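Given next are the chains, with one letter for each unit.
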Amino acid sequence: MQMPVEKTLQSLNLEDDFLFAKVMSDSEICRRVLEKILRIPIKKVMVPTAQRTIDILLESKGIRLDVYVNDERGTVYNIEMQRGRKKELPKRSRYYAGCIDLDLIMAGKEYWQLKKSFIIFICTFDPFHEKRHIYTFENRCLENLSLSLKDDSVKIFLNTKGKQNDIDIEMQEFLSYIEDSSDQFAERATSPLIREIHQKVKQIKESRETEVEYMTLLQRDRENREEGAASAIRILKLYSKNFSVEKIAETLNMDPEYVAKVIADYENALI
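Here's a quick rundown of the structure. Think of each chain on its own: its residues are numbered from 1, step by step along the sequence as written. Local features in this predicted model are restricted to residues of pLDDT 70 or higher, and side-chain atom pairs are both shown and tallied only at a pLDDT of 80 or more, whereas totals for entire chains, interfaces and linings draw on every residue. The basis for every side-chain value is the complete set of heavy atoms in the structure, and neither hydrogens nor water enter the calculation.

You can see Lys 200 is positioned in helix 6 (residues 192-205). Beyond its immediate stretch of four places on either side in the chain, Lys 200 contacts Lys 22, Val 23, Asp 26 and Ile 29. Segments assigned H or I by DSSP are reported as helices when at least four residues long, segments assigned E as strands when at least two residues long, and all are numbered from the N terminus. Two residues form a contact once any of their heavy atoms are found within 4.5 Å.

What follows is the structure, encoded as structure tokens:
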């Protein structure tokens, strides 16, 4: 099994989760980025929560959010960086929105108290293959598309690979900067927002404390991958002996769903 190449802190671009979360933890930068994406004025955002975990029910699948923000009106903004082609992205956005709603209302509130929410995925690939830079979705009546459900739930997908003339120059520069967060690109950029973001990027990369945090994270991820690889080997050894998923799970004291996923991934790799 080929291990992923580990990047240094200095080589990270904004597309990397760690750097993205760090930059967006600056409330003013986060506010300006949201204003640019949504094209609406936002007076103030609360201090963003990076890598917030929502794990509501014991048996449900929890989620870890890259950036979770509230504004002065209580509107919720969840911003996620997505790399690689994820076929399940639309349903992931649905699940994220549902988890956030449950998190907002579980304390006995009424439905009308749910605040407006924006789920924003910034993708380094085109999720819908129409070459747009931005795709915005809200619930509408199929029989009358001018009739909105008005459930205050909006999902937005940004595409760094867009080709259409559907956003302004500053937004195009921002999407390009996500994949090339270099000094050279920042110097060429005309956008004041890019220059401000790049100053934050340089500050983060020059921080010894941040470098230690990043190296610690890499080490933890490395250990998790090694542990996962060892578990997969044990599962596949039994699978090669024609053990069923249930029998493997029982023998190794593992979750049957995890066992089934390891086997499915293995079989897909053989195709």
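This part covers the packing of aromatic side chains. Here a Phe, Tyr or Trp ring, Trp counted by its six-membered ring, pairs with any other such ring whose centre lies within 6.5 Å, and the pair is stacked when the planes are under 30 degrees apart, edge-to-face when over 60, and tilted otherwise. Counted according to the given criterion, the structure contains 9 aromatic pairs. Here Tyr 77 and Phe 118 contribute two aromatic rings whose centre-to-centre distance is 5.4 Å and whose plane-to-plane angle is 10°, an arrangement assigned as stacked. Here Tyr 77 is found in strand 3 (residues 76-82), whereas its partner Phe 118 is found in strand 4 (residues 117-123), with 41 residues between them in sequence. The exposure classification of Tyr 77 matches that of Phe 118, with both residues buried. Look at Phe 128 and Tyr 135: their rings are 5.0 Å apart centre to centre, the planes differ by 65°, and that puts the pair in the edge-to-face class. Given the relative accessible area of 6%, Tyr 135 is considered buried. Buried means the residue's accessible area, taken with a 1.4 Å probe over protein chains only, is under 20% of the maximum for its type, while exposed means over 50%, and partly exposed covers the values in between.

Attention now moves to the packing of helix 7 (residues 208-239) against helix 8 (residues 245-252). Contact pair helix 7 / helix 8: the axes reach a minimum separation of 10 Å and the direction vectors enclose 130°. Put simply, helix 7 runs oblique to helix 8. Seen along the crossing, helix 7 lies across helix 8 with a hand that is right-handed. Between helix 7 and helix 8, the residues in contact are Arg 234, Ile 235, Leu 238 and Tyr 239 and Ile 248, Thr 251 and Leu 252, respectively. Gly is placed with the polar residues, together with every amino acid not listed as nonpolar (Ala, Val, Leu, Ile, Met, Phe, Trp, Tyr, Cys and Pro) or charged (Asp, Glu, Lys and Arg). Looking at the contact of helix 7 with helix 8 residue by residue, the classes come out as 5 nonpolar, 1 polar and 1 charged. Helix axes are fitted only over the stretch in contact, all axes being lines through C-alpha atoms; the angle between N-to-C directions runs from 0 to 180 degrees. In these notes the angle categories are as follows: under 35 degrees is roughly parallel, over 145 is roughly antiparallel, 65 to 115 is roughly perpendicular, and the rest is oblique. Helix crossings fall into two classes, left-handed where the near helix is turned counterclockwise from the far one by less than a right angle and right-handed where it is turned clockwise.

Next up on the list: helix 7. What a helix is expected to span follows from its residue count: subtract one and scale by 1.5 Å. Compared with an ideal rise of 1.5 Å per residue, which puts 32 residues at 46 Å, helix 7 spans 46 Å between its outermost C-alpha atoms and is within 8% of the ideal. Along helix 7, the positions that sit buried rather than exposed are Thr 210, Tyr 214, Leu 218, Ala 229, Ser 231, Ala 232, Ile 235 and Leu 238. Its side-chain oxygen at 3.4 Å from the backbone nitrogen of Glu 209, Ser 207 defines the N-terminal cap of helix 7. As used in this structure description, the phrase polar contact means that two N or O atoms lie within 3.5 Å; if the pair is within protein, one of them must be able to donate a hydrogen and the other to accept it, and residues adjacent in sequence are counted only when both atoms belong to side chains.

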